[in-house]
Amino acid sequence: MLNKKGLKKSKGSMVFDCINTLFMLFLILITFYPLYYVLMCSLSESNALIGSRGIMLLPKGFSLASYKAVFSNPNILTGYRTTLLVVVLGTALSVILTSIGAFLITRKNFALGKPMAYMMTFTMFFSGGMIPTYLLVYKYLHMGDTFWALILPTAISTYNLLIMKANFQALPDSIEEAAKIDGANDIMILFRIVLPLSMPIIAVMILFYGVTYWNSWFNAMLYMRTKSKFPLQLILREILLINDTSSMSAGGNGASDTYLIGESIKYASIVVATLPILCVYPFIQRYFVKGVMIGAVKG
Amino acid sequence: MKKRFENKAKTRRTEIAAQHNAGGAEARLSPQRRFVREISRNRYLYLLAIPILAFYIVFMYVPMFGVVIAFKDYNIAGGILSSPLVGLKYFKEFFTGIYFTRILKNTFIISFLDILWGFPLPIIFAILLNEVRIKWFKKTIQTVTYLPHFISMVVICGMITDFFSTNGVVTRLIAKLGGQNMNYLSSPEWFRSIFVGTNVWQTFGWNSIIYLAALTGVDSQLYEAAAIDGAGRLRQTWHVTLPGILPTIMIMLILRLGQVLSVGYEKIILLYSPATYDVADVISSYVYRMGLQGARYSYSAAVGLFQSVINVIMLVVANRLSAKFSESSLF
């Protein structure tokens, strides 16, 4: 066996490769199987799940009843709507603000640039904490139970902003200078030159923020009071962790039925809430990696 | 139109030229004139800065000052400013209360276990992954192991609760291997292990990215030189790879130590129950329970402030130590 450099591989090296491959297969198995298991459970018949929930390779029986129940649940539907709205508007706002922030702190000849950079970095290490923030948003800004409470308090992630800053710094100054000489002002430079040249990192930011908004629930738990305004993750929390599937079995025959459907409803709602991310994930994964690496190498 | 543009360009050109050769002249201007010039030259930047400054001031710095309620007797009617000052009353109450030792102990134990397992594993994983030569296999491993990072905490915790419950899939596995069939998550002996173990499961893949990036930066000539000197793969790893990524490891460790008191509270809040408060209750979950469920704002703000201050101290100390021993530091 020869490797690239034409050197002969030693026996020890080959043994290592074998063990390493097996180890990696094991890692794939333990990361992937739990997710696969949930999918299989969601497709199973509920009564089959009660007795035996051991290791499963295929669904036990086959039934889409739990999905029907999930999609006829008004809370899931309004949750989906709220989450989609938060993801779209929140991501747009966040990406714009983050780009502007990163643009500002990379300007030379801008007196506020450095102070702003310090001001931002400081917030990564110290914060007022949960209670003052809650009081501010809820009691003083009166954003409780409004859509804005889900977006505004976390609109800029300083970590993301610094990743973006590193990326902007890598752009050659000469392009901007040329644009300035041609009469472009700073806003034009940002939107017509810097941003179009930074599309890969913008893609990364859209994905970072998008996933964060999709998955966020804590702010919603703090600030939202009306169930019809809850985002999906908060509804999911009630179903999965507080065991409240009552709203889904309306029309079922008594308590035992409620329980039966309840079990597989849990799995189906996990699938429904996670599948959108898992579907886009493989395509965007390389961008994520790139984003982290940019932050790692230059940040 | 075109002419106007050209004119504008011309003035701009002279402006820039002036900036270039008038560095000395600028310094001679009076402070007021310099201020006016700075504002007018960067007027668009100042315009863009308004929303950014507004965000940071309102949502980051106002809460920092809002922390004064920890020294006051906050009541909703009076508001933050007119509530009476009580000094260190709430800090004293916290430090002498029965929960102080419990939550501090839990926070440190869980954090320590999390660093013990969660910190080295991504490094080992990255090094081993780097040894995988088959491209598509490497890609597949990455795709799969990064996956848990993107799944929401609520879903992960829902899965954990289900898997470790009586008759759950993991419980059944344990039972098959001779253990008990019970609800492991609500048993105080098991809670921390489950918490830390699942944390590692969630993060080892994603956290390895940064080390993989560092690994690509290690000079391949060093490996060749080591191979010529007769070093096998293990010794190459020890003498070339590890020193090569040591700065990255140190930086990550500093950052991690700066978070030592911030145990992932979202996960704790989702997973713990009164049965496991004894081993699971950490500072942030306590702040949440006291402040938001019990409406004891001043008291919980004091506890939260204590946590932030310790975190900053830990960060600074870790940074100092690292600067001293490994020459890598954050600031």
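On a predicted model such as this, the values are computed, not experimentally measured, just so you know.

Some thoughts on the overall build of chain B
The helix and strand tally for chain B stands at 18 helices and zero strands. Counting over 331 residues, chain B shows a buried share of 35%. Long-range contacts, defined as pairs at least 24 residues apart, comprise 63% of the intrachain contacts of chain B with a sequence gap of at least 6.

Details of the overall build of chain A
Helix and strand counts for chain A come out as 13 helices and zero strands. Beginning at the N terminus, the succession of helices and strands in chain A can be written as α-α-α-α-α-α-α-α-α-α-α-α-α. Summarising the internal contacts of chain A: among those between residues at least 6 apart in sequence, 70% fall at separations of at least 24.

So, the nonpolar core
Of all hydrophobic cores here, the largest spans 112 residues; its most connected members are Ile160(B), Ala302(B) and Val303(B). In terms of residue count, helix α4 (residues 74–105) of chain A provides more of this core than any other element does, nine residues in total. When residues are assigned to domains, this core turns out to be shared by domain 1 (1–63) and domain 2 (66–299) of chain A, each giving three or more. Not counting chain neighbours up to four residues away, the residues in contact with Val303(B) comprise Phe94(B), Ile283(B), Tyr286(B), Val287(B) and Met290(B). The next biggest cluster of nonpolar side chains, apart from the first, holds 20 residues, and it includes Ile141(B), Tyr211(B), Ala213(B) and Leu315(B).

Things to note about the interface of chain A and chain B
With 75 residues of chain A in contact, the opposing surface of chain B contributes 71 residues. The residue makeup of the side of chain A that touches chain B, split by class, is 49 nonpolar, 18 polar and eight charged.

Remarks on helix α18 (residues 297–325) of chain B
Across its 29 residues, α18(B) extends 42 Å between first and last C-alpha, which sits within 8% of the 42 Å expected from 1.5 Å per residue. Immediately beyond the C-terminal end of α18(B), within one or two residues, lies Glu327(B), with a positive phi of roughly 65°.

Structural notes on helix α6 (residues 130–140) of chain A
One turn of the α-helix equals 3.6 residues, which is why residues spaced by three or four share an orientation. Among the 11 residues that make up α6(A), eight are buried, leaving the element largely enclosed by the rest of the structure. All of the buried residues in α6(A) are Met130(A), Ile131(A), Pro132(A), Thr133(A), Tyr134(A), Leu135(A), Leu136(A) and Val137(A). The secondary structure elements touched by the buried residues of α6(A) are α11 (218–223) of chain A together with α4 (43–66), α17 (283–293) and α18 of chain B. Once α6(A) finishes, His142(A) follows within two positions and takes phi at roughly 50°, a positive value.

Some words on the environment of Asn311(B)
Residue and element names in this part refer to chain B. Relative to the assigned elements, Asn-311 resides in helix α18. Between the C-alpha atom of Asn-311 and that of Gln-259, which follows or precedes it by 52 residues, the distance is 5.9 Å. Excluding residues within four positions of it along the chain, Asn-311 makes contact with Gly-258, Gln-259, Val-260, Leu-261 and Ser-262.

Overview of the confidence of the model for chain A
All names here are of chain A. A residue-level look at chain A finds 84% of positions with pLDDT of 70 or above and a mean pLDDT of 83. Ranking the helices and strands of chain A by mean pLDDT puts α4 first, with 94, and helix α2 (residues 46–51) last, with 68. Low pLDDT (under 50) marks residues 1–6, which in the prediction has four contacts with non-local residues, meaning those over four places away or in another chain. Between residues 249–260, whose pLDDT stays under 50, and residues either more than four places distant or in other chains, the model counts 12 contacts.

Quick look at unusual backbone geometry
All names here are of chain A. Residues other than glycine seldom take positive phi values, yet Asn-109 does so here, at roughly 65°. Here Asn-109 shows up in the loop between α4 and α5 (113–125). Notably, His-142 is not glycine yet its phi reads approximately 50°, a positive angle. When you line up the elements, His-142 lands in the loop between α6 and α7 (158–169). Judged by the 10 C-beta atoms lying within 10 Å of it, His-142 is exposed.

Notes on the confidence of the model for chain B
Mean pLDDT over chain B stands at 85; residues scoring 70 or higher make up 89%. Two numbers describe this predicted complex: its pTM, 0.84, and its ipTM, 0.85.

Quick word on the packing of α4(A) against α7(A)
Residue and element names in this part refer to chain A. For the pair α4 and α7, interaxial distance at closest approach is 8 Å and the crossing angle is 50°. When the axes of α4 and α7 are compared, the pair comes out oblique. Helix-helix and strand crossings are classified by hand; for α4 and α7 the assignment is right-handed. Of the residues in α7, those in contact with Thr-98, Ser-99, Gly-101, Ala-102, Phe-103 and Ile-105 of α4 are Asn-160, Leu-161, Met-164, Lys-165 and Phe-168. Residue composition of the contact of α4 with α7, grouped by class: six nonpolar, four polar and one charged.

Overview of the environment of Asp73(B)
Residues and elements named next belong to chain B. Position of Asp-73 among the secondary structure elements: in the loop between α4 and α5 (79–82). Given 15 C-beta atoms within a 10 Å radius, Asp-73 is considered partly exposed. Between the C-alpha atoms of Asp-73 and Val-36, which are 37 residues apart in sequence, the distance is 45 Å. For Asp-73, the contacting residues outside a window of four places in its chain are Ser-83, Pro-84, Val-86 and Ser-298.

Quick look at the packing of helix α12 (residues 232–240) of chain A against helix α10 (residues 153–163) of chain B
At a closest axis distance of 9 Å, the pairing of α12(A) and α10(B) adopts a crossing angle of 10°. When the axis of α12(A) is compared with that of α10(B), the two are roughly parallel. Contacts between α12(A) and α10(B) involve Gln233(A), Leu236(A), Arg237(A) and Leu240(A) from the former and Val154(B), Val155(B), Gly158(B) and Thr161(B) from the latter. Residue classes in the contact of α12(A) with α10(B) are distributed as four nonpolar, three polar and one charged.

Reading the values: the criteria
Residues numbered from 1 in each chain as written. Chains lettered and ligands numbered in written order. Predicted model: local features only at pLDDT ≥ 70, side-chain atom pairs only at ≥ 80, totals over all residues. Helix = DSSP H or I, 4+ residues; strand = E, 2+ residues; numbered from the N terminus. Buried ≥ 20, exposed ≤ 12 C-beta atoms within 10 Å, placed from the backbone. Contact = placed C-beta atoms within 7 Å. Core = buried A, V, L, I, M, F, W, Y, C linked by C-beta atoms within 7 Å. Domains from an automatic or database assignment. Nonpolar A, V, L, I, M, F, W, Y, C, P; charged D, E, K, R; others polar. Expected span 1.5 Å × (residues − 1). pLDDT = per-residue confidence, 0-100. Axes fitted to C-alpha atoms, helices over the stretch in contact; angles between N-to-C directions. Parallel < 35°, antiparallel > 145°, perpendicular 65-115°, else oblique. Left-handed = near helix turned anticlockwise from the far one by under 90°.

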